[in-house]
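Understanding the architecture of this molecule
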Amino acid sequence: MREGADNELFSELIATCDGMLSPQVYARVHDTALRGGLIVEVGTALGAATVALALGLKSSGMPGHVYTFDPMTGGPRRSVKSPEQRIARIEESLARYGVSDLVTITPRDLASGLEVLPADQPISVLMLDADGRIDRDLETLQGRLAKDCALIIDDVADRVRVKRQGSTYRIDSKMRLSWLLTNMLIDAGKLSPGQRLVDTYFGELITDPDRIIDPHEALAIYRQLVFQSASANRLQRLRAHLIDWGQDLAPDFAARCRRVYRRAKSRPLPAPEHCEQDHQPIAPASTGISAPVA
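Attention in this report is confined to the structure presented alongside it.

Cut-offs and rules
Residues numbered from 1 in each chain as written. Predicted model: local features only at pLDDT ≥ 70, side-chain atom pairs only at ≥ 80, totals over all residues. Heavy atoms only, no water. Salt bridge = Lys/Arg side-chain N within 4 Å of Asp/Glu carboxyl O. Helix = DSSP H or I, 4+ residues; strand = E, 2+ residues; numbered from the N terminus. Buried < 20%, exposed > 50% of the residue type's maximum accessible area, 1.4 Å probe, protein only. Pairing = 2+ DSSP bridges. Right-handed = clockwise from strand over helix to strand, strands pointing away. Phe/Tyr/Trp six-rings, centres within 6.5 Å; stacked < 30°, edge-to-face > 60°. Lys NZ or Arg CZ within 6 Å of the ring centre and 35° of its normal. Core = buried A, V, L, I, M, F, W, Y, C linked by side-chain atoms within 4.5 Å. Contact = heavy atoms within 4.5 Å. Patch = residues over 30% accessible without salt bridge, like charges linked within 9 Å, V, L, I, M, F, W, Y side chains within 5 Å. Areas by Shrake-Rupley, 256 points an atom, 1.4 Å probe, with all protein chains shown as cover.

With that settled, consider the pattern of salt bridges. Inspection of every chain in the model, using the stated rule, returns twelve salt bridges. For Arg 35, the salt bridge identified is with Glu 204, shortest N-O distance 3.1 Å. In this pair, Arg 35 is assigned in the loop between α2 (23-32) and β1 (37-42) and Glu 204 in strand β9 (residues 200-204), connecting sequence segments 169 residues apart. Classification of Arg 35 by relative accessible area gives partly exposed; the value is 29%. Glu 204 sits in the partly exposed class, given a relative accessible area of 32%. The closest approach of N and O atoms between Lys 174 and Asp 129, which form a salt bridge, is 2.9 Å. On the criterion of sequence distance, the pair formed by Lys 174 in helix α7 (residues 174-187) and Asp 129 in the loop between β4 (123-128) and α6 (134-140) is long-range, its members being 45 residues apart. On the accessibility criterion, Lys 174 (15% relative accessible area) is buried.

What follows is the structure, given as structure tokens:
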């Protein structure tokens, strides 16, 4: 059972780093990093998971380092207007939690920044939270992962999001793509069945690190994205519209409101016996993944 200080830590991480995951997920990310060694994160956002990984490494007392990759373009929040601002925010968070020396921020995508990783050291923990194309990132790292590398994959859910932008609609299939690809790798015996905590998969590599991705199998997954369904829930659409309107009108104020809301929502962190319902095994793609309790 986690102590109250830990409860406070992972709840506070959401507020101070503008994190989007739940305290339970950040706690599990932290615990995964306790194995130490070379830790790689793809998709830094504003650094909340980066801090959780670094804190886990620090708590382990083992040698290691966290390398995080993100081109820092576009920005995960409208209140953060440039790559320089994002990097400054991440560095501030790392310093706040005393883990600056354990993290290297690489403001590039994984493929173009790969040379920063030590070539003679296998990756012990890999966290993927970019655009859903986990096949691309795993293929880039083939031969670089430890045989029992711990895998964390965020946004694994059979869900398609549609957002109106003026007179057009933006279709976001990231979560469904991650869900399909993760199930494919589990069915092929390359990833362990693992567990899903909210929408984040936690498992391990169980195959030859040199032969993770089959391009033909991955292509078959992408073909499944041709026809999709998305929720038409009016309340969700209204909520998204109001959030977008607030971010357009006053992005800094909206960001403060979001942090206050998440801080209130995330406390207190439930005890493990109450969290167990959130741990859902990843089911085969043929049966689908049952929705976890959020």
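This part is about unusual backbone geometry. We note that Ala 45 has phi near 55°; this positive angle belongs to a residue other than glycine. With respect to the element layout, Ala 45 can be found in the loop between β1 and α3 (48-60).

What follows concerns the pairing of strand β2 (residues 64-69). With respect to burial, β2 is a largely interior element, five of its six residues being buried. One ladder, built from six bridges, connects β1 with β2; its direction is parallel. Bridge pairing in β2 places Ile 39 opposite Val 66. Each parallel crossover has a hand, and for β1 linked through α3 to β2 it is right-handed.

The way to describe two aromatic rings as a pair is by their centre distance and the angle between their planes. One pass over the full model with this rule turns up zero aromatic pairs. Over the face of the ring belonging to Phe 202 we find Arg 28, whose NZ or CZ atom lies 4.7 Å from the ring centre.

This paragraph deals with the nonpolar core. Residues Tyr 26, Val 29 and Leu 53 are the most contacted members of the largest nonpolar core, which totals 35 residues. When contributions to this core are tallied by element, the ones reaching two or more residues are α1 (4-17), α2, α3, α4 (83-96), β3 (103-106), β4 and β5 (145-153). The element that contributes the greatest number of residues to this core is α3, accounting for eight residues. Residues within four places of Tyr 26 in sequence aside, it is in contact with Phe 10, Leu 13, Ile 14, Gly 19, Met 20, Leu 21, Ala 48, Ala 49 and Ala 52. Among the nonpolar cores identified, the runner-up in size contains 34 residues, and Leu 117, Ile 153, Val 156 and Leu 225 belong to it.

Attention shifts here to a nonpolar patch on the surface. The grouping of Val 162, Tyr 169 and Ile 171 at the surface amounts to a nonpolar patch, some 300 Å² of accessible area in total. Positionally, Ile 171 belongs in strand β7 (residues 168-172).

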